[in-house]
Amino acid sequence: MRGEYKVPGGKLVAVEIETQGGEAEGRISEAFVSGDFFLEPDEALEDINGALLGLPVDSSVDDIATAIRQRLSDDVSMIGFSPEAVGIAVRRALGKASSWEDHHFDLIGPVSMDPRMHVALDEVLARKVARGEAGPSLRFWEWDSPLVVIGSFQSYKNEIDEEGRAKHDIDVVRRITGGGAMFMEPGNCITYSLVVPESLVEGLSFERAYAFLDDWVMGALAEIGIKARYVPLNDIASEQGKIAGAAQRRLAGGVVLHHVTMAYDIDADKMLEVLRIGKEKMSDKGTKSANKRVDPMRTQSGLPREEIIDGFMRHFESRYATTRREYSAEELAAAQELVDGKFSTEEWTHRIP
């Protein structure tokens, strides 16, 4: 059995193993680790292989990493990989975890609709994956009216300036993931959602899962001339500053919802009137004063927003097995039901004062 894991920003780890015994009580009987990583001294590879021998087939990533660390001496340097990376590769070889290549993704392009529908569609599609009625998906948002989307745990009164919100006639909806507020007007952001089985991030900490699920978009950004990096916990930045923020939630049924919003061309003056954002927060968003626009994607790429989204979709297709599709009538109906019964209600929107 063979498993591979590419460390985000690091190297590839491959593991070939054999096991003995049944599924419940089986153990690893042979193990060979390889990859394009660096290891000093090179004799330590034998110790890594040896640490895997005899481990139960249901060992967790932490169990495997601990066994490797206990076997290695203090002078060993693992460059471009880690004991946890070996553990993930082992879990994939054993069929306990999955890789991008194990899945076929639905790819759904932007469809203009009430932005609250997109918040609801996150939940609808996650439920379908959990029930085994749909595979993983990547979809891009498009909306027909302005909206502020606040994080699941944010306080409405602390985030929203009610006078400014009313002045600009902007609604507010609370999403099901954490993180900060998203100021969204038609054409000012690029937002996408990934719904994947939890097996894809099995063994990864929350911090590592963020970078792992957005590794593909780093390649997509590079193709349009933006050299980006991940800034823990959940930001994507270039040399000029922050580009995007991510939010993520692991849901019941073994599903992970992950989405990202990138600033394309935001009216900073209006955002300051609607959101209660201090100077320190504004500097994090790429501007230090009002009368400026938050526009890293537009200025750094020089491309129309639609062209960037199209490039992102084509890049994802070039890396993974995908099928483009549209939302089904059943999905849209289920989302509308959630909008009416949950996401448009005072109880949900103001559940944290």
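Residues numbered from 1 in each chain as written. Predicted model: local features only at pLDDT ≥ 70, side-chain atom pairs only at ≥ 80, totals over all residues. Heavy atoms only, no water.

Asker: Provide a residue-level description of the overall build of the chain, including the pertinent values.
Answerer: Within the chain, the regular secondary structure consists of 14 helices and 20 strands. The globule rule puts the C-alpha radius of gyration for 353 residues at 20 Å, and the 22 Å found for the chain is close to it. Seen along its three principal axes, the alpha-carbon backbone of the chain occupies a region of about 70 × 45 × 40 Å. In the chain, buried positions account for 52% of the 353 residues. Once local pairs closer than 6 in sequence are excluded, the contacts in the chain between residues at least 24 apart make up 70%. Here the chain displays about 15,800 Å² of accessible surface, and carbon together with sulfur accounts for 47% of that area. Computed over 41 positive and 60 negative side-chain charges, the separation of the two mean positions in the chain equals 5 Å. (Helix = DSSP H or I, 4+ residues; strand = E, 2+ residues; numbered from the N terminus. Rg over C-alpha atoms; globule rule 2.2 N^0.38 Å. Buried < 20%, exposed > 50% of the residue type's maximum accessible area, 1.4 Å probe, protein only. Contact = heavy atoms within 4.5 Å. Areas by Shrake-Rupley, 256 points an atom, 1.4 Å probe, with all protein chains shown as cover. Lys, Arg positive; Asp, Glu negative; His and termini not counted. Charge placed at Lys NZ, Arg CZ, Asp CG, Glu CD.)

Asker: Tell me about helix α1 (residues 44–52), residues and numbers included.
Answerer: Within α1 the residues assigned to the buried category are A44, I48, N49, G50, A51 and L52. Close packing links the buried residues of α1 with β2 (12–20), β3 (27–35), β4 (38–40), α2 (61–71), β5 (77–79) and α3 (83–93). With its phi angle positive at about 85 degrees, G54 sits one or two positions after the end of α1.

Asker: Residue-level account of the nonpolar core, with values.
Answerer: The biggest cluster of nonpolar side chains holds 70 residues, and the ones touching the most others in it are L52, V86, W100, W216, M262, M297 and F312. A per-element tally of this core places α3 first, with six residues. In contact with V86, not counting residues within four places along its chain, are V13, V15, V33, I48, L52, I68 and F81. In this structure, V148, I176, M184 and I277 belong to the second largest nonpolar core, which totals 45 residues. (Core = buried A, V, L, I, M, F, W, Y, C linked by side-chain atoms within 4.5 Å.)

Asker: Help me get a handle on unusual backbone geometry, residues and values and all.
Answerer: Of note, the amide linkage connecting E40 to P41 takes the cis form, showing an omega dihedral of -10 degrees. Residues P232 and L233 are joined by a peptide bond in cis, for which omega reads 5 degrees. Of note in the backbone geometry, D169 takes a positive phi value of approximately 55 degrees without being a glycine. Here D169 is to be found in the loop between α6 (162–167) and β11 (171–174).

Asker: Lay out the sheet that holds β3 in plain terms, naming residues and giving numbers.
Answerer: Spatial strand order, β1-β2-β3: three strands in an open sheet with antiparallel pairing. In the strand order of this sheet, the two ends are held by β1 (2–6) and β3, each with one partner. For this sheet the average axis-to-axis angle between neighbouring strands, irrespective of direction, equals 20 degrees. (Pairing = 2+ DSSP bridges. Axes fitted to C-alpha atoms, helices over the stretch in contact; angles between N-to-C directions.)

Asker: Residue-level account of helix α12 (residues 305–319), with values.
Answerer: With 15 residues, α12 extends 22 Å from end C-alpha to end C-alpha; this agrees with the ideal 21 Å at 1.5 Å per step. Those residues of α12 that fall on the buried side of the exposure criterion are R305, I308, I309, G311, F312, M313, H315 and F316. (Expected span 1.5 Å × (residues − 1).)

Asker: Tell me what's going on with the packing of helix α4 (residues 115–130) against helix α13 (residues 329–343), and back it up with residues and numbers.
Answerer: Helix packing geometry: the angle between the two helix axes and the distance between the axes. As a packed pair, α4 and α13 sit with axes 8 Å apart at the nearest point and diverge in direction by 115 degrees. Crossing handedness for the pair α4 and α13: right-handed. On the side of α4, the interface is formed by R116, M117, V119, A120, L121, E123, V124, L125, R127 and K128, while α13 contributes E330, E331, L332, A334, A335, Q336, L338, V339, K342 and F343. (Left-handed = near helix turned anticlockwise from the far one by under 90°.)

Asker: I'd like a description of the pattern of salt bridges, backed by residues and values.
Answerer: In total, this model carries 24 salt bridges according to the counting rule given. The partner of E133 in a salt bridge is R131, and the shortest N-O contact between them spans 3.0 Å. The network of salt bridges with shared partners includes D106, K128, R325, E330 and E331. (Salt bridge = Lys/Arg side-chain N within 4 Å of Asp/Glu carboxyl O.)

Asker: Tell me about the confidence of the model for the chain, and please be specific about residues and values.
Answerer: Reading fine detail from the predicted coordinates is not recommended where pLDDT is low. Mean pLDDT over the chain works out to 93, with 95% of the residues at or above the 70 mark. Predicted confidence is poor over residues 287–291, with pLDDT under 50, and the contacts of this stretch with residues over four places away or in other chains come to eight contacts. (pLDDT = per-residue confidence, 0-100.)

Asker: Please provide a residue-by-residue account of the packing of α1 against α2, values included.
Answerer: The interhelical angle for the contact between α1 and α2, taken along N-to-C directions, is 135 degrees, at an axis separation of 9 Å. Classified by the interaxial angle, the pair formed by α1 and α2 is oblique. Considering only the axes of α1 and α2, their crossing is right-handed. For the pair α1 and α2, contact is made by D47, I48, G50, A51 and L52 and by I64, A67, I68 and R71, respectively. A breakdown of the residues in the contact of α1 with α2 according to their chemical character gives six nonpolar, one polar and two charged. (Parallel < 35°, antiparallel > 145°, perpendicular 65-115°, else oblique. Nonpolar A, V, L, I, M, F, W, Y, C, P; charged D, E, K, R; others polar.)

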